[in-house]
Amino acid sequence: MQEKIIILDFGSQTTQLIARRVRELNTYSEILPYNKFPEDTTGIKGVILSGSPFSVYDEKAFKVNLESFKQKFPVLGICYGAQFISHSCGGKVEPAGSREYGRAKLEFIDAEDPLFKHLSVNAQVWMSHGDSITQLPTNGTCIASSADVKYAAYRIESEPTWGVQFHPEVFHTTDGLRLLGNFLDICGCSRNWSPASFIETTIDQLRQQLGNDKVVLGLSGGVDSSVAAVLLNRAIGKNLTCIFVDHGLLRKNEFENVLRDYEHLGLNVIGVDAKERFYQELAGVTDPEQKRKIIGKGFIEVFDAEAHKIEDVKWLAQGTIYPDCIESLSITGTVIKSHHNVGGLPEKMKLKLCEPLRLLFKDEVRKVGTELGMMPHLIKRQPFPGPGLAVRILGDITPEKVRIAQEADAIFIDHLREANLYDEVWQAGVILLPIQSVGVMGDERTYENAVALRAVTSTDAMTADWAHLPYEFLAKVSNEIINKVKGVNRVTYDISSKPPATIEWE
């Protein structure tokens, strides 16, 4: 039985961070909408209530029936979660007058409380709220304050319920991980969830789920689909067939390199060269969304045709990961982001869906891949857009433009590796701009293409900063691209952050 902590999401921007911190403590956590506490409570050890953009007294505020879990499991309310528990139990929450935001020193009133075990005296915490608890419920006891927040932390007497008005999950709360660890100890968690245990459990589950059925998986060459393939291969071996479609917009030599890597991994892979089809369908198309739709539709059709050559396939496997699942539906049920895997295939092919990584964050996928013995360059591969260079070639797509983008990108990426900068960058690539500029090469004037180098640092791609690469490095890359890539006479560097810009240009 898998132990787990349920995190009820009231709309906080840091809900995913709470889940990640709990998992860093070797305990599986699951994020659910605030009003979807499971009827089946098998394995649940405790409940965390997240923050929220609402005030507890707003008419539209998200509310949950606390009786479904309070007094049955240990509960920790964070920020809005703490205010909601207090408000629901007879306490009072009011506007703070001025927003309480930033660092604060925690002053223990009950340093012996199990939630504070081994925390530093005057621990630094991070506040971020416009309301404050001004009166605790009659059975509430204050256990910590700060200079501006009287009830910075409290507990409900005679039951395992706590509330904190700061955010233990964020980096700026110095002992936040220790506090969450104390809560896990209160919950009686064994803390034995690890990449190795995930692999063992998942392989057993896959064998039970799939039996002797045949499975197809669409490989992209990226981390998620590759790890999913290796995991499935361990579980069902020859009953897995992987299909790798070359839409002609991959990186330079990527089709051949990826097939060679997969052969090394012992995977059964069918490589499909569909470049000409995609070039024909993309000819003259400049709208980025239209390009994405053409590539998505074409991929589905090519994949479908290849999969039909395999007899008795019953399952489609995908490298869907946890953020894809979380972002696909908001807590109000509104679709805010459709995940990037091959949507449309299960309906079209009448296949059942298998997603062995759907419980994992990206960094956890990489840890599982390492535990599976996969090669480091596969595990550490930077993200690459599904439509490939189609969204890095601004304007229409031609084979000549693809050549220019591939060659320039290869020089940039190779130099990042040689300078030991590749692993410091979240994502990097070259953008072929839809302009030409005047240049001088030798004794002749030229009128050729301009490219932009793009490199960002990030932890989850939700936000990103431009990578502050050394000037000498950028100069070297620029010189080599202009000297070796026929058709380019100007190189620029994109220093935009996300937000307001996005990582990709299209």
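Residues numbered from 1 in each chain as written. Predicted model: local features only at pLDDT ≥ 70, side-chain atom pairs only at ≥ 80, totals over all residues. Heavy atoms only, no water.

Below, the discussion takes up the overall build of the protein. Broken down by element type, the protein carries 14 helices and 19 strands. Since a compact globule built from 506 residues should have a radius of gyration of about 23 Å, the 26 Å found for the protein is in line with a globular shape. The dimensions of the protein, computed from C-alpha atoms along their principal axes, are 80 × 60 × 40 Å. Taking all 506 residues of the protein together, the buried fraction comes to 56%. (Helix = DSSP H or I, 4+ residues; strand = E, 2+ residues; numbered from the N terminus. Rg over C-alpha atoms; globule rule 2.2 N^0.38 Å. Buried < 20%, exposed > 50% of the residue type's maximum accessible area, 1.4 Å probe, protein only.)

Across five bridges, strand β12 (residues 240-246) lies against strand β13 (residues 269-273) in parallel orientation. Each bridged residue has a counterpart across the sheet, and for valine 245 the counterpart in β13 is valine 272. In this region the chain leaves β12, passes through helix α6 (residues 254-264) and returns to the parallel neighbour β13; the handedness of that crossover is right-handed. (Pairing = 2+ DSSP bridges. Right-handed = clockwise from strand over helix to strand, strands pointing away.)

With that settled, consider helix α13 (residues 399-418). Its 20 residues place the ends of α13 28 Å apart at the C-alpha level, agreeing with the 28 Å of an ideal helix rising 1.5 Å per residue. Along α13, the positions that sit buried rather than exposed are Val402, Ile404, Ala405, Gln406, Ala408, Asp409, Ala410, Ile411, Phe412, Ile413, His415 and Leu416. (Expected span 1.5 Å × (residues − 1).)

Moving on, we come to the nonpolar core. Within the largest apolar cluster, 52 residues are counted, with the highest numbers of intra-cluster contacts made by Phe412, Leu416, Leu469 and Ile481. No other element matches the eight residues that α13 contributes to this core. Formed by 41 residues, the second largest nonpolar core is a distinct cluster that contains Val223, Val230, Leu372 and Leu378. (Core = buried A, V, L, I, M, F, W, Y, C linked by side-chain atoms within 4.5 Å.)

If you want to describe how two helices pack, look at the angle between their axes and the distance between the axes. Where helix α7 (residues 275-282) meets helix α8 (residues 288-307), the axes come as close as 10 Å, and the angle between the chain directions of the two elements is 145 degrees. Crossing handedness for the pair α7 and α8: right-handed. Across the interface between the two elements, Arg277, Phe278, Glu281 and Leu282 from α7 touch Lys291, Ile294, Ile295, Gly298, Phe299, Glu301 and Val302 from α8. (Axes fitted to C-alpha atoms, helices over the stretch in contact; angles between N-to-C directions. Left-handed = near helix turned anticlockwise from the far one by under 90°. Contact = heavy atoms within 4.5 Å.)

Another point: the sheet that holds strand β3 (residues 44-49). By way of backbone hydrogen bonds, the strands of a sheet pair with one another, either parallel or antiparallel. Strands sit in the order β2-β1-β3-β4-β10-β9-β8-β6 across an open sheet of eight strands; the sheet is mixed. Sheet topology places β2 (29-33) and β6 (107-108) at the edges, where each strand pairs with a single neighbour. Relative to β2, strand β1 (residues 4-9) runs parallel, the two sharing five bridges. Bridging from a neighbouring strand, isoleucine 5 pairs with serine 29 of β2. Helix α2 (residues 80-88) rests against β3, β4 (75-78), β9 (153-156) and β10 (161-164) of the sheet, and its axis sits at about 115 degrees to β4.

With that settled, consider helix α5 (residues 223-236). Here α5 is 14 residues long and its end C-alpha atoms lie 20 Å apart, about the 20 Å a rise of 1.5 Å per residue gives. Within the span of α5, buried status applies to Val223, Asp224, Ser225, Ser226, Val227, Ala228, Ala229, Val230, Leu231, Leu232, Ala235 and Ile236. Glycine 237, located one to two residues past α5, shows a positive phi value of around 55 degrees.

Turning our attention to the pattern of salt bridges. Applying the stated criterion across every chain yields a total of 29 salt bridges. In this structure, glutamate 159 and lysine 70 form a salt bridge, with 3.0 Å as the shortest nitrogen-oxygen distance. Taken together, the residues span a long stretch of sequence, with glutamate 159 in the loop between β9 and β10 and lysine 70 in the loop between β3 and β4 at a distance of 89 residues. As far as burial versus exposure is concerned, glutamate 159 and lysine 70 are alike and both buried. Between lysine 291 and glutamate 506 there is a salt bridge, with its nearest N and O atoms 3.0 Å apart. With lysine 291 in helix α8 and glutamate 506 in the segment after β19 (488-493), this pair connects stretches of sequence that are 215 residues apart. (Salt bridge = Lys/Arg side-chain N within 4 Å of Asp/Glu carboxyl O.)

On to the confidence of the model for the protein. Overall, the predicted model of the protein reaches an average pLDDT of 89, with 93% of residues at or above 70. Long-range and interchain partners of residues 332-344, a stretch whose pLDDT sits below 50, account for 27 contacts in this model, where long-range means more than four residues apart. (pLDDT = per-residue confidence, 0-100.)

Right, let's get into the packing of aromatic side chains. Applying the stated criterion across every chain, the model contains 17 aromatic pairs. With a centroid separation of 6.1 Å and an interplanar angle of 15 degrees, the aromatic rings of tyrosine 80 and phenylalanine 84 are classed as stacked. Of the two residues, tyrosine 80 and phenylalanine 84 are both situated in helix α2; the distance of four residues between them amounts to about one turn of the helix. Under the relative-accessibility criterion, tyrosine 80 is labelled buried at 1%. For phenylalanine 84, a relative accessible area of 3% gives the class buried. Geometrically, the ring pair formed by tryptophan 193 and phenylalanine 198 is edge-to-face, given 6.5 Å between the ring centres and 80 degrees between the ring planes. The burial state of tryptophan 193 is the same as that of phenylalanine 198; both residues are buried. Taken together, the aromatic side chains of Phe10, Tyr34, Phe54, Phe62, Tyr80 and Phe84 make up a single cluster linked through ring pairs. Here arginine 20 stacks its cationic end above the ring of phenylalanine 361, 5.1 Å away from the centre of that ring. In this structure, arginine 417 is placed above the aromatic ring of tyrosine 422, and the distance from its NZ or CZ to the ring centre is 4.0 Å. (Phe/Tyr/Trp six-rings, centres within 6.5 Å; stacked < 30°, edge-to-face > 60°. Lys NZ or Arg CZ within 6 Å of the ring centre and 35° of its normal.)

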